[in-house]
Amino acid sequence: MKRLIIGSLTALVLAGLAVATQAADKFIVVQSTTSTQNSGLYDYLLPIFEKKTGIEVRVVAVGTGQAIKNAVNGDGDVLLVHAKSAEEKFVADGFGVKRFDLMYNDFVVVGPDADPAGIAGSSDIVAALGKLAEGGKTFVSRGDDSGTHKKEHSLWRVAKIEPESVSGGWYRESGSGMGATLNIAVGMDGYTLTDRATWIKFGNKADHKIVVEGDNRLFNQYGVILVNKDKHPNVKSELGQTFIDWLLSPEGQKAISDHKVNGEPLFVPNAAAAS
Amino acid sequence: MDSFTGAFSEAFALILRGDSDLLEIVALSLRVTMTAVAVACVIGLPLGALLVVGRFPGRTALTVVVNSLMGLPPVVVGLLVYMMLSNSGPLGVLQLLYTPTAMIIAQAVLVTPIIIALSRQVIEDLYAEYDEQLRAMGMTRFAMVPTLLFDARFSLITVALAGLGRAIAEVGAVLIVGGNINHVTRVMTTTIALETSKGNLALALGLGIILIALALLVNAAVMSVRHSAARTAHA
Amino acid sequence: MLERVPVLIRKRVTDRKNRECMLRLRNVVFEAGGKRLIDGLDLELFSGTKTVIMGPNGAGKSLALKLIQGLLEPASGDIVRPNEGADFATAMVFQRPTLLRRSVEANLDHALRVCRVGRADRRHRVEELLELGNLEHLRKQPARRLSGGEQQRLSVVRAMASRPKLLLLDEPTASLDPAATAAIEALVNEAHQGGTKIVFVTHDAGQARRIGDEVVFLHKGRLCEQTPAEEFFEQPVSVEAAAYLAGRLVL
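What you see is a predicted model; the values in this text were computed from it and never measured.

## So, the overall build of chain A
- Secondary structure assignment for chain A yields eleven helices and twelve strands.
- Against the 2.2 N^0.38 benchmark of 19 Å for 275 residues, chain A shows a C-alpha radius of gyration of 21 Å, consistent with a compact globule.
- With respect to the three principal axes, the spread of C-alpha positions in chain A is 65 × 60 × 35 Å.
- Taking all 275 residues of chain A together, the buried fraction comes to 46%.

## Quick notes on the interface of chain B and chain C
- Every contact between the two is made by 14 residues of chain B and, on the other side, 15 residues of chain C.
- Among the elements of the structure, α5 (100-136) and α6 (144-151) of chain B are those that each provide at least two residues to the side of chain B that touches chain C.
- Among the elements that line the side of chain B that touches chain C, the one with the most residues is α5(B), at six residues.

## Considerations on helix α4 (residues 74-85) of chain B
Residue and element names in this part refer to chain B.
- An ideal rise of 1.5 Å per residue puts 16 Å on twelve residues; α4 measures up with 16 Å between its terminal C-alpha atoms.
- Those residues of α4 that fall on the buried side of the exposure criterion are P74, V77, G78, V81, Y82 and L85. Viewed along the axis of α4, the buried residues span an arc of 135 degrees, placing them on a single side of the element.
- In this structure, the buried side of α4 is in contact with α5 and α8 (172-178).

## A word on helix α10 (residues 237-248) of chain A
All names here are of chain A.
- An ideal rise of 1.5 Å per residue puts 16 Å on twelve residues; α10 measures up with 16 Å between its terminal C-alpha atoms.
- Turning to α10, its buried residues number three or more, namely G240, F243, I244 and L247. One side of α10 holds all its buried residues, which, seen down the axis, span an arc of 95 degrees.

## Notes on the interface of chain A and chain B
- At the interface, 32 residues of chain A touch 30 residues of chain B.
- Put simply, the parts of the chain that give the side of chain A that touches chain B at least two residues each are α1 (2-21), α2 (34-38), β2 (56-62) and α8 (178-188) of chain A.
- When its residues are assigned to classes, the side of chain A that touches chain B shows 16 nonpolar, twelve polar and four charged.

## Remarks on the sheet that holds strand β6 (residues 166-170) of chain C
Residue and element names in this part refer to chain C.
- Pairing is mixed in the open sheet, where six strands are placed in the order β5-β6-β7-β3-β8-β9. Edge strands, defined here as strands with exactly one partner in the open sheet, are β5 (90-93) and β9 (222-228). Averaged over all pairs of adjacent strands, the angle between their axes in this sheet comes to 20 degrees, without regard to strand direction.
- Where strand β3 (residues 50-54) and strand β7 (residues 197-201) come together, four bridges link them in parallel fashion.

## Comments concerning the domain arrangement of chain A
Residues and elements named next belong to chain A.
- The domain boundaries assigned to chain A delineate domain 1 (2-105 + 221-269) and domain 2 (106-218).
- For domain 1 and domain 2, the distance between their C-alpha centroids amounts to 27 Å.
- Taken together, the contact between domain 1 and domain 2 spans 18 residues of the former and 16 residues of the latter.
- Elements represented by at least two residues in the side of domain 1 that touches domain 2 include exactly α2 and α4 (64-72).
- In terms of residue count, α2 provides more of the side of domain 1 that touches domain 2 than any other element does, three residues in total.
- Here the residues of the side of domain 1 that touches domain 2 sort into five nonpolar, twelve polar and one charged.

## A closer look at the sheet that holds strand β1 (residues 21-32) of chain C
Residue and element names in this part refer to chain C.
- The three strands lie next to each other as β2-β1-β4, forming an open sheet whose pairing is antiparallel. Single-partner strands in this sheet number two, and they are β2 (35-46) and β4 (76-80). Shown here is a sheet whose adjacent strand axes are inclined to one another by a mean of 15 degrees, direction ignored.
- Bridge count between β1 and β2: nine bridges; the pairing is antiparallel. Of the residues in β2, the one forming a bridge with A32 is K35.
- Together, β1, β2 and β4 form the strand contacts of helix α1 (residues 61-69), whose direction differs from that of β2 by roughly 60 degrees.

## A word on the confidence of the model for chain C
- In the predicted model, chain C carries a mean pLDDT of 89, and 90% of its residues have values of at least 70.
- With pLDDT under 50 throughout, residues 5-11 of chain C is counted as low confidence; its partners more than four residues away or in other chains account for twelve contacts.

## A short note on the packing of helix α2 (residues 104-114) of chain C against helix α3 (residues 119-132) of chain C
All names here are of chain C.
- With their axes 10 Å apart at the nearest point, α2 and α3 run at an angle of 125 degrees to one another. In this view, α2 runs oblique relative to α3, as classed from their interaxial angle. Crossing of α2 against α3: the hand is right-handed. Here α2 contributes E105, L108, D109, L112 and R113 to the contact with α3, which in turn contributes R122, R125, V126, L129 and L130.
- Partitioning the contact of α2 with α3 into residue classes produces five nonpolar, no polar and five charged.

## A few points about the domain arrangement of chain C
Residue and element names in this part refer to chain C.
- Along its sequence, chain C is carved into domain 1 (47-74 + 84-88 + 165-251) and domain 2 (99-162).
- Placing a centre on the C-alpha atoms of domain 1 and another on those of domain 2 gives a separation of 25 Å.
- Each side of the interface is counted separately: domain 1 has eleven residues, and domain 2 has ten residues.
- Tallying contributions element by element places helix α5 (residues 178-193) first for the side of domain 1 that touches domain 2, with six residues.
- Of the residues in the side of domain 1 that touches domain 2, the class split is eight nonpolar, one polar and two charged.

## Observations concerning the pairing of strand β4 (residues 96-112) of chain A
Residues and elements named next belong to chain A.
- With eight bridges joining them, β4 and strand β9 (residues 219-227) adopt antiparallel strand pairing. Within the sheet, the bridge partner assigned to R99 lies in β9 and is I225.
- Note that β4 and strand β12 (residues 268-269) share two bridges and pair antiparallel. Along β12, the bridge assignment pairs Y104 with V268.
- Taken together, the four bridges between β4 and strand β7 (residues 191-195) define a ladder with antiparallel strand orientation. Each bridged residue has a counterpart across the sheet, and for V108 the counterpart in β7 is T194.

Parameters at a glance
Residues numbered from 1 in each chain as written. Chains lettered and ligands numbered in written order. Predicted model: local features only at pLDDT ≥ 70, side-chain atom pairs only at ≥ 80, totals over all residues. Helix = DSSP H or I, 4+ residues; strand = E, 2+ residues; numbered from the N terminus. Rg over C-alpha atoms; globule rule 2.2 N^0.38 Å. Buried ≥ 20, exposed ≤ 12 C-beta atoms within 10 Å, placed from the backbone. Contact = placed C-beta atoms within 7 Å. Expected span 1.5 Å × (residues − 1). Arc of directions from axis to C-beta. Nonpolar A, V, L, I, M, F, W, Y, C, P; charged D, E, K, R; others polar. Pairing = 2+ DSSP bridges. Axes fitted to C-alpha atoms, helices over the stretch in contact; angles between N-to-C directions. Domains from an automatic or database assignment. pLDDT = per-residue confidence, 0-100. Parallel < 35°, antiparallel > 145°, perpendicular 65-115°, else oblique. Left-handed = near helix turned anticlockwise from the far one by under 90°.

If you want it as structure tokens, here you go:
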């Protein structure tokens, strides 16, 4: 029995050695967001790309702010996030070569089935936010400077409301990724703003559902940028560019729209047609 | 709560079908943690012994510092190691970020203070017992270190297991320096965090159960080896 | 008031010729906890004899041994070792043996390694020492599982590993039964016959008579007398020693 235990543990450790030492010859690191990761897009897309080009794509999925910071530090070859103004600043500051529109989806507000704030079915986000604030119903914010958070923040401004001033009351800032925030919202019977893709794939919906959608202010644009080799010589520009080119190509764009959950596509490709 | 029953059935299902992703993740977790603990012991055990036999100013202060470092938050260690290994950091040229090696480094940094602090205590107790006799045999204090380390071996195994427990359970450090990259740097704890963030709570908990079972297995194996060794050498 | 008779007159050790002085303590003082525990100790030890140190509790017997062994440093005074050299080894055996958490033979191997004996020789010497201590049948046993007598035998042969010129023993048989005590005394005699100078602290007058050639009597950290053994027990010179042997000496 003892030998069996020791034997199996040794086998596992050796297997671990095998896993870790298989360094791919060609690989790039993509800094992206947790919401993109959790939508399952990469699990679908990357095998297609790898098979075609032999380039392994390693995705580091963190909050938008962290992804951008990592790219600024040169710890990634490609940046793929959904925070347009931050992305443009990234390029303007010289850390990125050029920003391309890649795909979009939309944000939705999810909330409990019972809908205490009475906003279900609305397609006017500003009005809905107004009702939430008025009624003082629990709303959970990302609170982490992510693309989702920035979108949420801009919507509150349009509604001329400053919920941060009552943070800790009906307005709760989780400071976490989308999944963790959704867990909290479900756990607290509260409302939250989320991108549709994450929600569709989310496994802990309990009795929450989409309550507000369709407002074109809820548009969520994703952009992809090659990290600038001039700032960090270790960046794999060629391989990274290959990946970006593929994503923007008709083949890549089609692959994006082919990624569906329950028959629903999660993203709509919208790269500018090659001129 | 049906998350709990769901968790057990998910765990069994994964194990029974020998899910290859699961095996990969388990193997990597073990490899990273065991290597890190081994490194930490190689560095920490002699340092712990030296803290006992050494006589230098500030020895007590150093002991206090080392004991406090046992409480280093893993996420802080992860952050510090990330800053070292980043392309904009001093060791960026090594290109170690987002590799299992980076994870081993981070966990070794986390575990070494535990090894030093606990082995120091174990060896100090032994030193009190042996000091007079070993000095009478003509040994200098530094020469005593290998003797003390070997004679304390059974307690030191427990020290190593304490380090192992800390390492296999942490997620903060490996998440930041490893990046939780699928098939490259994804370990049990980061997978549990990921599945939780996807709302797949039963699966996450199932993985947690597997992780605990793994820790149990390792401890049981070590205990049985220790037992048979103890029977032949120890009183 | 007990008078202290000058020591010079008391040294009538048997046959000083061909005996070299191995150790000389001159006016050694040792203090601890604010008290003078060794208070101007003068002592000379000569090769070839078995010296027994006696005295009431607190007289400083153990301290004297530790000072000789070098485990403690005197506050003042000197300890002169005229023959200090590469092969002048001193070894010490304590009342309670401290054995390593290893087998009997591993303990001996360790002691030999400390004396820098090479691997080839070590194997051979371990055998010798096991035989000397009558411990061959116990060689693989965890040393700490041995009986008190066996542990002490191991302690003594371990001390012999360095082939010491001077062997110090601090009440080694105080907690042993007569059979075990006899075994230890036999070992001590063997060591002596091999050319090792013996210094043996004991409370047991009978043991002192069996073993000792001379008796050094300490009281309050000073030397009271140094007398050949038979004379000491017939008629000690110092009043303190007489009182001690009669069971009347209290510190």
